[in-house]
Amino acid sequence: MERVIPSYGRKRSHGLSDTQKRNLADLSELHGICLPAEIIHPRELFSNRFDKIIAEIGFGNGERLINHAILRPDIGFIGCDPFENGVANALKLIRNHDLKNVKIFNGDARFLMEKLQDNSLSRLYVLFPDPWRKKRHHKRRLLSTEFISLLLSKMTADGILTVATDHEDYMLNILENLKNIPNTLFCNEINRLFQRPACLLPTKYEQKAAAMGKKSYYLRIYMPS
Ligand SMILES: C[S@@+](CC[C@H](N)C(=O)[O-])C[C@H]1O[C@@H](n2cnc3c(N)ncnc32)[C@H](O)[C@@H]1O
(Lines give C-alpha, C1' and ligand atoms only; values in the text may rest on other atoms or scores of the structure.)
Protein backbone atom coordinates (compact mmCIF):
# COMPACT_ATOMS: atom_id res chain seq x y z
CA MET A 1 0.00 0.00 0.00
CA GLU A 2 1.70 3.20 -1.15
CA ARG A 3 0.06 6.17 0.50
CA VAL A 4 -2.19 5.58 3.46
CA ILE A 5 -4.71 8.29 4.36
CA PRO A 6 -5.53 8.13 8.11
CA SER A 7 -8.87 6.41 8.64
CA TYR A 8 -9.04 7.25 12.35
CA GLY A 9 -9.82 10.51 14.06
CA ARG A 10 -7.68 10.63 17.16
CA LYS A 11 -5.15 8.35 18.74
CA ARG A 12 -6.08 9.23 22.34
CA SER A 13 -8.99 10.94 24.03
CA HIS A 14 -7.27 12.00 27.25
CA GLY A 15 -3.75 11.76 28.53
CA LEU A 16 -2.79 8.55 30.29
CA SER A 17 -1.55 8.80 33.89
CA ASP A 18 2.03 7.70 34.61
CA THR A 19 0.70 4.42 36.07
CA GLN A 20 -1.47 3.83 33.00
CA LYS A 21 1.52 4.54 30.77
CA ARG A 22 3.66 2.05 32.71
CA ASN A 23 0.88 -0.55 32.57
CA LEU A 24 0.50 0.04 28.85
CA ALA A 25 4.22 -0.45 28.29
CA ASP A 26 4.43 -3.58 30.50
CA LEU A 27 1.28 -5.17 29.12
CA SER A 28 2.19 -4.31 25.53
CA GLU A 29 5.38 -6.24 26.06
CA LEU A 30 3.33 -9.31 27.05
CA HIS A 31 0.30 -9.02 24.80
CA GLY A 32 1.24 -6.50 22.12
CA ILE A 33 2.18 -7.12 18.48
CA CYS A 34 5.16 -5.37 16.87
CA LEU A 35 4.83 -4.93 13.13
CA PRO A 36 6.67 -7.96 11.70
CA ALA A 37 9.51 -7.24 9.28
CA GLU A 38 8.58 -10.26 7.14
CA ILE A 39 5.32 -11.96 6.20
CA ILE A 40 4.24 -14.28 9.01
CA HIS A 41 1.39 -16.66 9.74
CA PRO A 42 -0.65 -15.00 12.54
CA ARG A 43 -0.38 -18.26 14.49
CA GLU A 44 3.26 -17.38 15.10
CA LEU A 45 2.18 -14.47 17.27
CA PHE A 46 0.96 -16.87 19.97
CA SER A 47 2.79 -19.34 22.16
CA ASN A 48 -0.15 -21.78 21.76
CA ARG A 49 -0.58 -23.16 18.23
CA PHE A 50 -4.17 -22.15 17.55
CA ASP A 51 -5.88 -23.75 14.56
CA LYS A 52 -8.10 -20.75 14.03
CA ILE A 53 -7.31 -17.07 14.24
CA ILE A 54 -9.86 -14.26 14.33
CA ALA A 55 -9.03 -10.58 13.82
CA GLU A 56 -11.05 -7.55 14.86
CA ILE A 57 -10.11 -4.26 13.25
CA GLY A 58 -11.01 -1.06 15.09
CA PHE A 59 -12.10 -2.73 18.34
CA GLY A 60 -12.64 0.60 20.16
CA ASN A 61 -12.72 -0.12 23.89
CA GLY A 62 -12.17 -3.82 23.20
CA GLU A 63 -15.04 -5.24 25.23
CA ARG A 64 -16.57 -7.24 22.38
CA LEU A 65 -13.19 -8.61 21.38
CA ILE A 66 -12.33 -9.65 24.92
CA ASN A 67 -15.73 -11.20 25.48
CA HIS A 68 -15.37 -13.24 22.31
CA ALA A 69 -11.90 -14.35 23.41
CA ILE A 70 -13.20 -15.41 26.83
CA LEU A 71 -15.93 -17.49 25.14
CA ARG A 72 -13.47 -19.14 22.74
CA PRO A 73 -10.19 -19.97 24.51
CA ASP A 74 -9.50 -22.44 21.67
CA ILE A 75 -9.14 -19.62 19.13
CA GLY A 76 -6.42 -16.97 18.83
CA PHE A 77 -7.66 -13.37 18.61
CA ILE A 78 -5.89 -10.38 17.13
CA GLY A 79 -7.19 -6.89 17.82
CA CYS A 80 -5.97 -3.83 15.91
CA ASP A 81 -6.64 -0.21 16.81
CA PRO A 82 -4.49 2.91 16.87
CA PHE A 83 -6.65 4.38 19.69
CA GLU A 84 -4.39 4.25 22.74
CA ASN A 85 -7.06 4.57 25.42
CA GLY A 86 -8.94 1.64 23.92
CA VAL A 87 -5.76 -0.39 23.67
CA ALA A 88 -4.99 0.36 27.34
CA ASN A 89 -8.49 -0.85 28.25
CA ALA A 90 -8.19 -4.03 26.17
CA LEU A 91 -4.79 -4.83 27.68
CA LYS A 92 -6.18 -4.34 31.18
CA LEU A 93 -9.04 -6.73 30.40
CA ILE A 94 -6.59 -9.30 29.02
CA ARG A 95 -4.62 -9.12 32.26
CA ASN A 96 -7.72 -9.19 34.49
CA HIS A 97 -9.06 -12.29 32.74
CA ASP A 98 -5.61 -13.84 32.38
CA LEU A 99 -6.20 -14.45 28.68
CA LYS A 100 -3.55 -16.27 26.67
CA ASN A 101 -5.36 -16.09 23.35
CA VAL A 102 -5.41 -12.35 22.56
CA LYS A 103 -2.77 -10.14 20.96
CA ILE A 104 -3.15 -6.43 20.37
CA PHE A 105 -1.68 -4.31 17.60
CA ASN A 106 -1.72 -0.66 18.60
CA GLY A 107 -1.65 0.80 15.11
CA ASP A 108 -3.20 0.98 11.69
CA ALA A 109 -4.56 -2.46 10.75
CA ARG A 110 -3.66 -1.90 7.11
CA PHE A 111 0.04 -2.22 7.96
CA LEU A 112 -0.40 -5.39 10.00
CA MET A 113 -2.71 -7.08 7.50
CA GLU A 114 -0.12 -6.66 4.78
CA LYS A 115 2.32 -8.63 6.91
CA LEU A 116 0.04 -11.62 7.46
CA GLN A 117 0.09 -14.67 5.25
CA ASP A 118 -2.78 -15.08 2.81
CA ASN A 119 -5.49 -17.64 3.76
CA SER A 120 -4.68 -17.38 7.45
CA LEU A 121 -7.65 -15.72 9.20
CA SER A 122 -10.90 -17.59 9.69
CA ARG A 123 -12.99 -14.59 10.73
CA LEU A 124 -12.51 -10.87 10.33
CA TYR A 125 -14.62 -8.21 11.98
CA VAL A 126 -14.77 -4.54 11.07
CA LEU A 127 -17.55 -3.18 13.27
CA PHE A 128 -18.72 0.40 13.08
CA PRO A 129 -15.65 1.85 11.38
CA ASP A 130 -15.41 5.66 11.49
CA PRO A 131 -18.07 6.75 8.98
CA TRP A 132 -16.46 9.98 7.72
CA ARG A 133 -19.83 11.47 6.85
CA LYS A 134 -18.76 14.50 4.80
CA LYS A 135 -18.22 13.80 1.13
CA ARG A 136 -14.79 15.40 1.17
CA HIS A 137 -13.80 12.93 3.92
CA HIS A 138 -15.04 9.78 2.17
CA LYS A 139 -11.49 9.03 1.04
CA ARG A 140 -10.68 8.42 4.72
CA ARG A 141 -13.14 5.54 4.97
CA LEU A 142 -11.30 2.38 5.92
CA LEU A 143 -13.34 -0.04 3.80
CA SER A 144 -12.04 0.94 0.38
CA THR A 145 -12.04 -1.57 -2.48
CA GLU A 146 -8.30 -1.99 -1.93
CA PHE A 147 -8.56 -2.75 1.78
CA ILE A 148 -11.55 -5.09 1.40
CA SER A 149 -9.58 -6.99 -1.26
CA LEU A 150 -6.60 -7.20 1.08
CA LEU A 151 -8.80 -8.54 3.90
CA LEU A 152 -10.39 -11.14 1.61
CA SER A 153 -6.96 -12.35 0.55
CA LYS A 154 -6.13 -13.01 4.22
CA MET A 155 -9.22 -15.16 4.80
CA THR A 156 -9.22 -18.93 4.78
CA ALA A 157 -11.43 -20.63 2.19
CA ASP A 158 -14.26 -20.90 4.73
CA GLY A 159 -13.55 -17.44 6.16
CA ILE A 160 -16.10 -14.71 6.76
CA LEU A 161 -15.61 -10.97 6.88
CA THR A 162 -18.31 -9.29 8.97
CA VAL A 163 -18.84 -5.58 8.54
CA ALA A 164 -21.30 -3.40 10.44
CA THR A 165 -22.22 0.25 10.33
CA ASP A 166 -25.11 2.47 11.35
CA HIS A 167 -24.51 4.67 8.29
CA GLU A 168 -26.60 3.56 5.35
CA ASP A 169 -24.51 5.69 3.03
CA TYR A 170 -21.31 3.93 4.15
CA MET A 171 -22.93 0.51 3.71
CA LEU A 172 -24.04 1.44 0.20
CA ASN A 173 -20.50 2.63 -0.49
CA ILE A 174 -19.13 -0.73 0.72
CA LEU A 175 -21.57 -2.59 -1.53
CA GLU A 176 -20.41 -0.44 -4.47
CA ASN A 177 -16.79 -1.27 -3.62
CA LEU A 178 -17.64 -4.97 -3.58
CA LYS A 179 -18.75 -4.69 -7.19
CA ASN A 180 -15.14 -3.80 -8.04
CA ILE A 181 -13.89 -7.12 -6.72
CA PRO A 182 -15.20 -9.47 -9.41
CA ASN A 183 -15.37 -13.24 -9.05
CA THR A 184 -13.74 -13.29 -5.67
CA LEU A 185 -16.68 -13.20 -3.34
CA PHE A 186 -20.37 -12.98 -2.89
CA CYS A 187 -22.19 -11.29 -0.11
CA ASN A 188 -25.51 -11.64 1.61
CA GLU A 189 -28.62 -10.37 -0.03
CA ILE A 190 -29.48 -6.84 0.92
CA ASN A 191 -32.51 -8.01 2.87
CA ARG A 192 -30.20 -9.80 5.28
CA LEU A 193 -28.22 -6.69 6.02
CA PHE A 194 -30.42 -5.83 8.93
CA GLN A 195 -29.70 -8.84 11.11
CA ARG A 196 -26.95 -8.89 13.67
CA PRO A 197 -25.35 -12.32 13.68
CA ALA A 198 -26.54 -13.85 16.93
CA CYS A 199 -23.03 -14.81 17.97
CA LEU A 200 -21.93 -11.18 18.08
CA LEU A 201 -22.32 -9.06 21.16
CA PRO A 202 -23.28 -5.47 20.49
CA THR A 203 -20.33 -3.10 20.45
CA LYS A 204 -20.32 0.28 22.18
CA TYR A 205 -21.13 2.06 18.92
CA GLU A 206 -23.93 -0.35 18.12
CA GLN A 207 -25.43 0.34 21.51
CA LYS A 208 -25.04 4.07 20.96
CA ALA A 209 -26.81 3.79 17.61
CA ALA A 210 -29.64 1.75 19.15
CA ALA A 211 -30.04 4.27 21.99
CA MET A 212 -30.45 6.99 19.35
CA GLY A 213 -33.01 4.88 17.47
CA LYS A 214 -30.65 4.34 14.52
CA LYS A 215 -30.64 1.15 12.49
CA SER A 216 -27.43 -0.85 12.17
CA TYR A 217 -26.50 -2.68 8.97
CA TYR A 218 -24.55 -5.94 8.88
CA LEU A 219 -22.85 -7.56 5.98
CA ARG A 220 -21.15 -10.94 5.91
CA ILE A 221 -18.76 -11.44 3.05
CA TYR A 222 -17.62 -14.90 1.99
CA MET A 223 -15.29 -16.30 -0.60
CA PRO A 224 -17.05 -18.37 -3.25
CA SER A 225 -16.68 -22.10 -2.59
C1 LIG B 1 -16.33 4.39 15.51
S2 LIG B 1 -15.13 3.49 16.38
C3 LIG B 1 -15.94 1.92 16.65
C4 LIG B 1 -15.31 1.11 17.73
C5 LIG B 1 -15.94 -0.26 17.98
N6 LIG B 1 -15.75 -1.14 16.85
C7 LIG B 1 -17.41 -0.14 18.30
O8 LIG B 1 -18.24 -0.54 17.46
O9 LIG B 1 -17.74 0.32 19.41
C10 LIG B 1 -13.96 3.09 15.09
C11 LIG B 1 -12.67 2.52 15.60
O12 LIG B 1 -11.88 2.15 14.49
C13 LIG B 1 -10.53 2.49 14.77
N14 LIG B 1 -9.80 2.61 13.50
C15 LIG B 1 -9.88 3.57 12.57
N16 LIG B 1 -9.02 3.33 11.58
C17 LIG B 1 -8.36 2.19 11.89
C18 LIG B 1 -7.33 1.44 11.25
N19 LIG B 1 -6.79 1.85 10.10
N20 LIG B 1 -6.89 0.31 11.84
C21 LIG B 1 -7.43 -0.11 13.01
N22 LIG B 1 -8.42 0.56 13.66
C23 LIG B 1 -8.86 1.71 13.11
C24 LIG B 1 -10.66 3.82 15.54
O25 LIG B 1 -9.50 4.14 16.28
C26 LIG B 1 -11.85 3.53 16.44
O27 LIG B 1 -11.47 2.92 17.64
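In what follows, the accompanying structure is described. (Residues numbered from 1 in each chain as written. Predicted model: local features only at pLDDT ≥ 70, side-chain atom pairs only at ≥ 80, totals over all residues. Heavy atoms only, no water.)

For the ligand, the set of nearby residues contains 21 residues, the closest of which are S7, G58, D81, L127 and T203. D81 is positioned such that a nitrogen or oxygen atom in its side chain is 2.7 Å from an oxygen atom of the ligand. Contact distances for the ligand include 3.4 Å between an oxygen atom and a backbone N or O atom of K204. Coverage of the ligand by the protein amounts to 95% of the 600 Å² it exposes when considered alone. When atoms are counted within 2 Å of each cavity's grid points, the one that captures over half of the ligand is the largest pocket. Among the elements of the structure, α4 (109-114) and α7 (204-211) are those that each provide at least two residues to the shell around the ligand. Broken down by class, the residue content of the shell around the ligand amounts to 11 nonpolar, five polar and five charged. (Near = heavy atom within 4 Å. Polar contact = N/O pair within 3.5 Å; in protein donor to acceptor, adjacent residues only side chain to side chain. Areas by Shrake-Rupley, 256 points an atom, 1.4 Å probe, with all protein chains shown as cover. 1 Å grid on protein atoms, 1.4 Å probe; cavity = no way out; pocket = protein on both sides within 12 Å on 5 of 7 lines; lining within 4 Å. Sits in = over half its atoms within 2 Å of the grid points. Helix = DSSP H or I, 4+ residues; strand = E, 2+ residues; numbered from the N terminus. Nonpolar A, V, L, I, M, F, W, Y, C, P; charged D, E, K, R; others polar.)

Next up on the list: the pairing of strand β2 (residues 76-80). For β2, a buried count of five out of five residues is recorded, marking the element as mostly surrounded by other parts of the structure. Residues of β2 alternate between two faces, with G76, I78 and C80 on one and F77 and G79 on the opposite face, all of them buried. Note on the crossover from strand β1 (residues 53-57) through helix α2 (residues 63-71) to β2: the handedness is right-handed. Pairing analysis gives four bridges linking β2 to strand β3 (residues 102-105), with the strands arranged parallel. The partner of G79 across the bridge, within β3, is I104. A crossover connection joins β2 to the parallel β3 through helix α3 (residues 84-96); in handedness this β-α-β unit is right-handed. (Buried < 20%, exposed > 50% of the residue type's maximum accessible area, 1.4 Å probe, protein only. Right-handed = clockwise from strand over helix to strand, strands pointing away. Pairing = 2+ DSSP bridges.)

Here D108 lies in the loop between β3 and α4. Taking C-alpha positions, D108 is 8.4 Å from S7, a pair spaced 101 residues apart along the chain. In this view, D108 contacts V4, Y8 and P82; residues no more than four positions away in its chain are not counted. Reaching out from D108, the side chain makes a polar contact with the side chain of R110 at a distance of 2.8 Å. (Contact = heavy atoms within 4.5 Å.)

Moving on: the side chain of N177. Here N177 is to be found in helix α6 (residues 168-179). Among the residues examined, N177 registers a relative accessible area of 11% and is labelled buried. Residues contacting N177, with those up to four places away along its chain left out, are L143, S144, T145 and I148.

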